[in-house]
Amino acid sequence: MADKISVLYSEEEITARIKELGAQISKDYEGKELHIVGILKGATFFACELAKRITVPVTLDFMSVSSYGDSTESSGVVKINKDLDEPLEGREVLVVEDIVDTGNTLSYLLDNLQKRRASSVRLCALLDKPERREKDVHVDYTGFEIPDKFVVGYGLDYAQKYRNLPYIGVVETE
Ligand code: 5GP
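Summary of the structure given here. (Residues numbered from 1 in each chain as written. Predicted model: local features only at pLDDT ≥ 70, side-chain atom pairs only at ≥ 80, totals over all residues. Heavy atoms only, no water.)

## A word on helix α1 (residues 11-28)
Residues spaced three or four apart along an α-helix point in a common direction, a consequence of the helix completing one turn every 3.6 residues.
Next, step 1: When the terminal C-alpha atoms of α1 are compared, their 26 Å separation across 18 residues agrees well with the 26 Å that a helix rising 1.5 Å per residue should span.
Next, step 2: Of the residues making up α1, those classed as buried are I14, I18, L21, G22, I25 and S26. Looking straight down α1, one finds that the buried residues subtend no more than 130° of arc, so they occupy a single side. In α1, the exposed residues that point more than 90 degrees away from the buried face are E12 and K27. (Helix = DSSP H or I, 4+ residues; strand = E, 2+ residues; numbered from the N terminus. Expected span 1.5 Å × (residues − 1). Buried < 20%, exposed > 50% of the residue type's maximum accessible area, 1.4 Å probe, protein only. Arc of directions from axis to C-beta.)

Listed below in structure tokens is the structure:
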């Protein structure tokens with residue numbers, strides 16, 4: 001049976017917010033070059049749309065990580081499935097993630113990336129669920145703060161499905 005999904009943010013709302021984020025980031029990095037590190041697979045759609053709205057020179061790299069242990073609860077023990085292609089040394093790095101939930105994954109990841117001697121490492125997340133936070137992760141740029149609901153679309157999946165939805169929706173469970 002098909003899952004029922006109710007729209008939380010429409011494609012138009014997401015596009016408008018990404019334009020605002022792109023303008024803010026372009027202003028903050030004026031005169032510099034920005035190296036975007038997108039986290040696979042969830043952040044791919046967001047990272048690409050955001051990159052198109054940034055007016056300073058941009059380079060892109062991607063990394064894939066997964067959390068060990070239970071598939072529904074993030075453990076904080078993170079496995080790197082695919083590392084970056086390029087070194088970060090001396091670069092202005094913007095990590096682009098789909099969603100910050102407990103913060104366990106990003107806390108590990110930011111720690112790992114900070115050791116690679118970048119000039120700066122900042123974080124941009126499309127969605128933030130502050131209620132669920134376990135680790136103190138600072139999000140420099142946030143698309144939308146959302147309540148504690150399981151969301152899909154715009155890169156986010158439910159059992160690998162729904163990543164291609166052009167909107168962000170909540171899966172209604174019976
Ligand atoms: P954290 O370590 O912050 O708890 O987990 C972050 C990861 O959990 C995200 O990158 C994402 O893959 C997954 N996640 C957390 N909340 C949601 C959600 O509401 N929907 C989906 N599809 N994935 C989520």
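Anyway, onward from the coordinates.
## Brief notes about the environment of I14
Next, step 1: In this fold, I14 is placed in helix α1.
Next, step 2: Separated by 13 residues in sequence, I14 and K27 have C-alpha atoms that sit 20 Å apart.
Next, step 3: Residues within four places of I14 in sequence aside, it is in contact with Y9, L126, F144, Y154, P166, Y167 and I168. (Contact = heavy atoms within 4.5 Å.)

## Considerations on the state of the cysteines
Next, step 1: Inspection of the entire model under this criterion finds 0 disulfides.
Next, step 2: Not part of a disulfide, C48 finds its nearest cysteine sulfur in C124, a span of 13 Å.
Next, step 3: Judged by relative accessible area, which is 36%, C48 ranks as partly exposed.
Next, step 4: By relative accessible area, which is 0% here, C124 ends up buried. (Disulfide = S-S within 2.5 Å.)

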